Amino acid sequence: MRLVTYNIQYGVGLDGRYDAGRIADAVRGADVIALQEVSRNNPNNGGRDMVAELEEALPDYFAVYGSNFEANIGSHLKDGRAHTVTFQFGNMVLSRTPIHMSRNLLLPRNRSYDVLNFQRGALEALVEGPHGFLRVYSTHLDHRSPLGRIEQIRFLRERVLNYAVEGGGLSGLAEVGMPEPPYPEDYIVMGDFNMLAGSPEYVEMAGIPDHEFGLAIRSDRAVDAAVQLGLSGGDLVTWVDPKRPQDASRFKRIDYVFASASLAGRLKRLWVDRQAVGSDHLPVWIEIA
């Protein structure tokens, strides 16, 4: 089973050009696709409906979209009818198999005064793979505040780890004569975390490595797939500064794939697609045996 995460920067690449087609080409072939910065009516890309365009470009995938906010950007009356036009910005999950359940987890945030900031989220999707059911989270954390990211990760970890207790998006279906959805232990949390490996917020997600034994696989922490597979260095760079695309000192790893402890032994391969040009981020792929 192959999964990929890609922050698509509302379809605009390092060349400043919008092209949803090359976004679709970069992720085509994955069993599950997690996208961040998917927008509708975004002034920065000419107001494109990216959800519709991506669904059209990937017609054999089932899809869910979660906008983390909606802002009026031209709603109006015409011929006596109200036309709602909102700027939407959020995450998307696409899957080759039907998505059985989804919910949009709005992450904690605090108001900023001097810099732009906005509501972030993690879109949860329950999918079925060859090994059984799996929860996938398309995640986008704050890009300004490490403290904000810590709060967001704590909230997200509680939702992920307590999924069976909280019941996900829907439970108690016996009352209406329907089967109860599964509550799988296996999960993949992937996306743009805007953090560096070893940072306090990274530790909140994956734990602190022991001086002798490294990062332990524990039920209360997620497993960094790259670390589990022994990867490091420049091959894990996932972001290029669009203002200085030739400056290697501005290349960073801020996109991650985290897995449940139950999946640690089945992580087979992780790689970054360094040929993708549709965004300032690069797609990160994971293969599960």
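Residues numbered from 1 in each chain as written. Predicted model: local features only at pLDDT ≥ 70, side-chain atom pairs only at ≥ 80, totals over all residues. Heavy atoms only, no water.

So what's going on with the layout of surface pockets? Which residues, and what values?
Approximately 910 Å³ is the volume found for the largest pocket. Taken together, 32 residues make up the lining of the largest pocket; nearest its centre are Q9, E37, H143, W239 and D280. Here the second largest pocket defines a volume of roughly 160 Å³. Counting residues per element, the ones that place at least two in the lining of the second largest pocket are α3 (146-161) and α4 (163-166). (1 Å grid on protein atoms, 1.4 Å probe; cavity = no way out; pocket = protein on both sides within 12 Å on 5 of 7 lines; lining within 4 Å. Points joined across faces, edges and corners; volume = space filled by probe spheres on them. Helix = DSSP H or I, 4+ residues; strand = E, 2+ residues; numbered from the N terminus.)

Which residues make up the environment of G29, and what values go with them?
Of note, G29 is situated in the loop between α1 (20-27) and β2 (32-40). With relative accessibility at 36%, the residue G29 sits in the partly exposed group. C-alpha separation for the pair G29 and R2, spaced 27 residues apart in sequence, amounts to 8.2 Å. With residues up to four places along the chain from it excluded, the contact list for G29 reads Y61, R96 and W285. (Buried < 20%, exposed > 50% of the residue type's maximum accessible area, 1.4 Å probe, protein only. Contact = heavy atoms within 4.5 Å.)

Can you tell me about the sheet that holds strand β6 (residues 86-95), naming the residues and giving the values?
Here we have 6 strands laid out as an open sheet, ordered β3-β6-β2-β1-β14-β13, and mixed in their pairing. The sheet is open, and its two borders are formed by β3 (62-72) and β13 (267-272), each paired with just one other strand. In this sheet, adjacent strand axes meet at a mean angle of 15° when their direction is disregarded. Here α1 sits on the sheet and contacts β1 (2-7), β2 and β14 (284-288); the angle it forms with β1, its principal contact strand, is near 150°. Of the strands in this sheet, β2, β3 and β6 touch helix α2 (residues 50-57), which is tilted by about 145° from β2. (Pairing = 2+ DSSP bridges. Axes fitted to C-alpha atoms, helices over the stretch in contact; angles between N-to-C directions.)

Tell me about the pattern of salt bridges, and name the residues and values.
Under the definition given, this model contains 22 salt bridges. Among the ionic pairs, R218 bridges to D220, the shortest N-O distance being 2.7 Å. Overall, D220 belongs to the partly exposed group, its relative accessible area being 24%. In the salt-bridge network here, residues are joined through shared partners; they are R2, K268, R269 and E287. (Salt bridge = Lys/Arg side-chain N within 4 Å of Asp/Glu carboxyl O.)

Give a detailed account of the sheet that holds strand β10 (residues 187-192), specifying residues and quantitative values.
Read from one edge of the open sheet, 6 strands run β7-β8-β9-β10-β12-β11, paired in mixed fashion. In this open sheet, the two strands that pair with only one neighbour each are β7 (101-106) and β11 (223-224). Relative to strand β9 (residues 132-140), strand β8 (residues 121-129) is paired through 9 bridges, and the arrangement is antiparallel. In the sheet register, L123 faces β9, and the bridge partner there is S138.

Outline the packing of aromatic side chains, supporting the account with residue identities and numerical values.
For the coordinates displayed, the defined rule picks out 13 aromatic pairs. Seen in terms of ring centroids, Y10 and F89 are 6.4 Å apart; in terms of plane orientation they differ by 50°. Their pairing is tilted. In this pair, Y10 is assigned in the loop between β1 and α1 and F89 in strand β6, connecting sequence segments 79 residues apart. Their ring planes at 50° and their centres at 5.9 Å tell us that Y202 and Y256 sit as a pair that is tilted. Taken together, the positions of Y202 in helix α5 (residues 200-206) and Y256 in strand β12 (residues 255-259) put the pair 54 residues apart, joining distant regions of the chain. The class of Y256 is buried, set by a relative accessible area of 0%. (Phe/Tyr/Trp six-rings, centres within 6.5 Å; stacked < 30°, edge-to-face > 60°.)

Run through α2, naming residues and quoting values.
Note that an α-helix has 3.6 residues per turn; residues three or four places apart therefore point the same way. All buried positions along α2 are accounted for by M50, V51 and L54. In an axial view of α2, the angular spread of the buried residues amounts to 100°, which keeps them on one side of the axis. Tucked into the core, α2 has its buried residues touching α1, β2, β3 and β6. One side-chain oxygen at the N-terminal end of α2 lies 3.3 Å from the backbone nitrogen of V51; it belongs to D49. (Arc of directions from axis to C-beta. Polar contact = N/O pair within 3.5 Å; in protein donor to acceptor, adjacent residues only side chain to side chain.)

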